[in-house]
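# Remarks on the overall topology
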Amino acid sequence: MASTLSSLLPPTPGLLPKWLLLTALISIGNSIQAYTTLHFTSRVYNPTPIDPPPTVPKHVTALSSRTFGTWTFLAAVIRLYAAYNITNGAVYQLAIWAYVTAFVHFTSEWMVFRTSRWGMPLAGPVIISTGTLVWMFTQWDAYVTA
């Protein structure tokens, strides 16, 4: 069983490819939940309070949640490709852009559009995108072949 699971991991040595795989799998799970419930997406995008009363307009609709789920699934596909093709510079760059897009999206919803507020639901995506970007920028030479 353990050898079967390890055979599914990215073959390139190092932790970054495995991290990209993990974040891709988490993103797939997030996409599924965005299609099946508004609860978790609403925790990120409704700034006052988490479960606003009916008199407070909600930012999350079924359509916006599914759109977010589709966008997140696309990012997951890019991360999967990067996990298994991390030595390919073009794929590595696409993964960087996927994380840049996530970072810009979440921070602009928080700081510019005010549809989100700082807290656990927002902290996860911001910290993961920031940390992964730093990691990827510092490890380019270790993974990308000329």
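Residues numbered from 1 in each chain as written. Predicted model: local features only at pLDDT ≥ 70, side-chain atom pairs only at ≥ 80, totals over all residues. Heavy atoms only, no water.

Identification of the protein chain as Erg28 protein from Setomelanomma holmii is taken from an unreviewed UniProt entry. As recorded by UniProt, the Subcellular location (unreviewed entry) comment attached to the protein chain reads in full: "Endoplasmic reticulum membrane". The annotation that UniProt attaches to the protein chain under Sequence similarities (unreviewed entry) is "Belongs to the ERG28 family." (UniProt positions renumbered as here; feature names shortened; annotations may be inferred.)

### Regarding the UniProt feature "transmembrane region" (unreviewed entry) in the protein chain
Per the UniProt record, "transmembrane region" (unreviewed entry) is annotated on residues 20-38, 90-106 and 118-137. Segment residues 20-38 splits into 89% helix and 0% strand. End C-alpha atoms: 26 Å apart. (Helix = DSSP H or I, 4+ residues; strand = E, 2+ residues; numbered from the N terminus.)

### Remarks on the packing of helix α2 (residues 16-36) against helix α4 (residues 62-84)
Interaxial distance between α2 and α4 falls to 8 Å at its minimum, and their mutual angle equals 160 degrees. As the angle between them shows, α2 and α4 are arranged roughly antiparallel. At the point where α2 passes α4, the crossing takes the left-handed sense. In the contact of α2 with α4, the residues fall into 14 nonpolar, 8 polar and 2 charged. (Axes fitted to C-alpha atoms, helices over the stretch in contact; angles between N-to-C directions. Parallel < 35°, antiparallel > 145°, perpendicular 65-115°, else oblique. Left-handed = near helix turned anticlockwise from the far one by under 90°. Nonpolar A, V, L, I, M, F, W, Y, C, P; charged D, E, K, R; others polar.)

### Observations regarding α4
In a regular helix each residue adds 1.5 Å, so 23 residues correspond to 33 Å; α4 covers 33 Å between its end C-alpha atoms and thus fits that length. Among all positions in α4, only S65, F68, G69, T72, A75, A76, R79, A82 and A83 are buried. The inward-facing, buried residues of α4 contact α2, α3 (39-45) and α5 (89-111). (Expected span 1.5 Å × (residues − 1). Buried < 20%, exposed > 50% of the residue type's maximum accessible area, 1.4 Å probe, protein only. Contact = heavy atoms within 4.5 Å.)

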